[in-house]
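The residues making up each chain are set out below.
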Amino acid sequence: MPPTLFYGTAIFGTPTIPSLTEPEGVSKLLDSVHSLDITELDTAARYPPDNTGGSERLLGATRAGSNFTINTKVLISGTSGDGSLSKDAVRASVANSLRTLGVSNVGILYAHAPDNATPLEEQAKDFNEQYEKGYCERIGVSNFPLDMLEKFLKICDECNYIKPSVYQGEYNLIRRDPEEAIFPLLRRHKIHFVAYSPLGGGFLTGKLTAGNTEGTRFDGPLGQRFKALYDKPELHASINELKRITEPLGISPTAAALRWLAHHSELRQEDGIILGASKIEQLRQNVKDIKQGPLPESVVEAIRAIKVATTA
Ligand SMILES: NC(=O)c1ccc[n+]([C@@H]2O[C@H](COP(=O)([O-])OP(=O)(O)OC[C@H]3O[C@@H](n4cnc5c(N)ncnc54)[C@H](OP(=O)(O)O)[C@@H]3O)[C@@H](O)[C@H]2O)c1
């Protein structure tokens, strides 16, 4: 069985995708998500980055909480989590998320990013408080480095606080650093890995390499972070290599990347993949591709030799 599929709503409310700025368009997309048997949504108080809070507002306006489990993250400002996990900040963020979403609790409540300005003891206590109040079913951390997560877990053990049971990180066919950096610790502590950007924000579709970026994320502000990560000659060479391996077999690079992640990566059934799609057709295709099952062994073998991005 492949890992659990989540749908990521980070683009809900971005002015760059007009169809997803109003409840009608969002409702239509969410109906399709539900019809594909995806029952968990990923959002964040911060989403979308160019209209903070817009994603949660649209999820609230469409009453998504009555059909889906919603997982959210504590508000960060910009890309830095500094100050976001203080007692007051966590309390204010969670209260606002629950009110906006129109729900009494969320599934997973995440720390969105490391907070180097707040003592870890305070952070662990804050999350324990939210859990004890019944505002979330599980707690999670995202983008934490290994040593920070280790300390966080130690504090939870010592103070008898609820421990994170989910880690959210970027993981895909050419972004493989979590395999060595983080998976061994997660497995020891029975923490599930939820992979975001399974297509590298669209890079693994081959659009940027081919220069076909009109009307895509790479055309606007949301693509900047992904360009900074992936727009590198050696990674474009990896995309061309992936196409060389898969296209003669009638497999698109998008399908190869998703099938690799779902069926050949370090992910297990209890882990998760957050699918991102800006169009219903993309989402349908992605779910269909994953259902095709494992890739031919020759493809998996050839993929092993593809150069990967090593740093964030
Ligand atoms: N914790 C964190 O820090 C963090 C960071 C990033 C993301 N996330 C979460 O993970 C979710 C998914 O991330 P992501 O959006 O980067 O995922 P992704 O799957 O790597 O990228 C999604 C983009 O790829 C393109 N795409 C997807 N399927 C396609 C298809 N079949 N054909 C052609 N293009 C396709 C679309 O780009 P176009 O729109 O350009 O067509 C789509 O918007 C987010 O919504 C968010 O919930 C979390």
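What counts, and at which threshold
- Residues numbered from 1 in each chain as written.
- Predicted model: local features only at pLDDT ≥ 70, side-chain atom pairs only at ≥ 80, totals over all residues.
- Heavy atoms only, no water.
- Buried < 20%, exposed > 50% of the residue type's maximum accessible area, 1.4 Å probe, protein only.
- Helix = DSSP H or I, 4+ residues; strand = E, 2+ residues; numbered from the N terminus.
- Pairing = 2+ DSSP bridges.
- Right-handed = clockwise from strand over helix to strand, strands pointing away.
- UniProt positions renumbered as here; feature names shortened; annotations may be inferred.
- Salt bridge = Lys/Arg side-chain N within 4 Å of Asp/Glu carboxyl O.
- Polar contact = N/O pair within 3.5 Å; in protein donor to acceptor, adjacent residues only side chain to side chain.
- Contact = heavy atoms within 4.5 Å.
- Near = heavy atom within 4 Å.
- Areas by Shrake-Rupley, 256 points an atom, 1.4 Å probe, with all protein chains shown as cover.
- Nonpolar A, V, L, I, M, F, W, Y, C, P; charged D, E, K, R; others polar.

Draft legend 1. Fine view of the pairing of strand E6 (residues 166-170). In terms of burial, E6 is a largely internal element, five of the five residues being buried. Bridge count between strand E5 (residues 136-142) and E6: three bridges; the pairing is parallel. Residue pairing for E6: Ser-142 is matched across the bridge by Gln-168. Considered for its hand, the β-α-β crossover made up of E5, helix H5 (residues 146-159) and E6 is right-handed. Taken together, the five bridges between E6 and strand E7 (residues 192-196) define a ladder with parallel strand orientation. Note on E7: the bridge partner recorded for Val-166 is His-192.

Draft legend 2. Looking closely at the UniProt feature "domain: NADP-dependent oxidoreductase" (unreviewed entry) in the protein chain. Sequence positions flagged by UniProt for "domain: NADP-dependent oxidoreductase" (unreviewed entry) are, in local numbering, residues 5-306. Taken end to end, residues 5-306 has its terminal C-alpha atoms 25 Å apart, with 43% of it in helix and 13% in strand.

Draft legend 3. How the structure looks around the pattern of salt bridges. Inspection of every chain in the model, using the stated rule, returns twelve salt bridges. Ionic pairing is found between Asp-42 and Lys-73, a salt bridge with its closest N-O pair at 2.7 Å. Of this pair, Asp-42 sits in strand E2 (residues 40-42) while Lys-73 sits in strand E3 (residues 69-73), placing them 31 residues apart in sequence. No difference in accessibility class separates Asp-42 from Lys-73, as the two residues are buried. Residues Arg-175 and Glu-170 are paired through a salt bridge, measuring 3.4 Å at the closest nitrogen-oxygen approach. Classification of Arg-175 as buried rests on a relative accessible area of 8%. The network of salt bridges with common partners includes Glu-170, Arg-175, Asp-177 and Arg-225.

Draft legend 4. Spatial organisation of the side chain of Ser-238. Along the chain, the position of Ser-238 falls in helix H10 (residues 233-246). Only 3.1 Å separates the side chain of Ser-238 from the backbone oxygen of Glu-234, close enough to count as a polar contact. Not counting residues within four places of it along the chain, the set of residues in contact with Ser-238 comprises Ile-174, Ile-306 and Lys-307.

Draft legend 5. A look at the site of the ligand. Close to the ligand lie 28 residues, the nearest being Asp-42, Gly-201, Lys-207, Arg-217 and Ser-278. With respect to the ligand, the side chain of Asp-42 contributes an N or O atom lying 2.6 Å from an oxygen atom. Contact between the ligand and Leu-199: an oxygen atom at 2.8 Å from a main-chain N or O atom of the residue. In isolation the ligand offers 900 Å² of accessible surface; the protein chains occlude 91% of this area. For the shell around the ligand, the per-class residue count stands at seven nonpolar, 17 polar and four charged.

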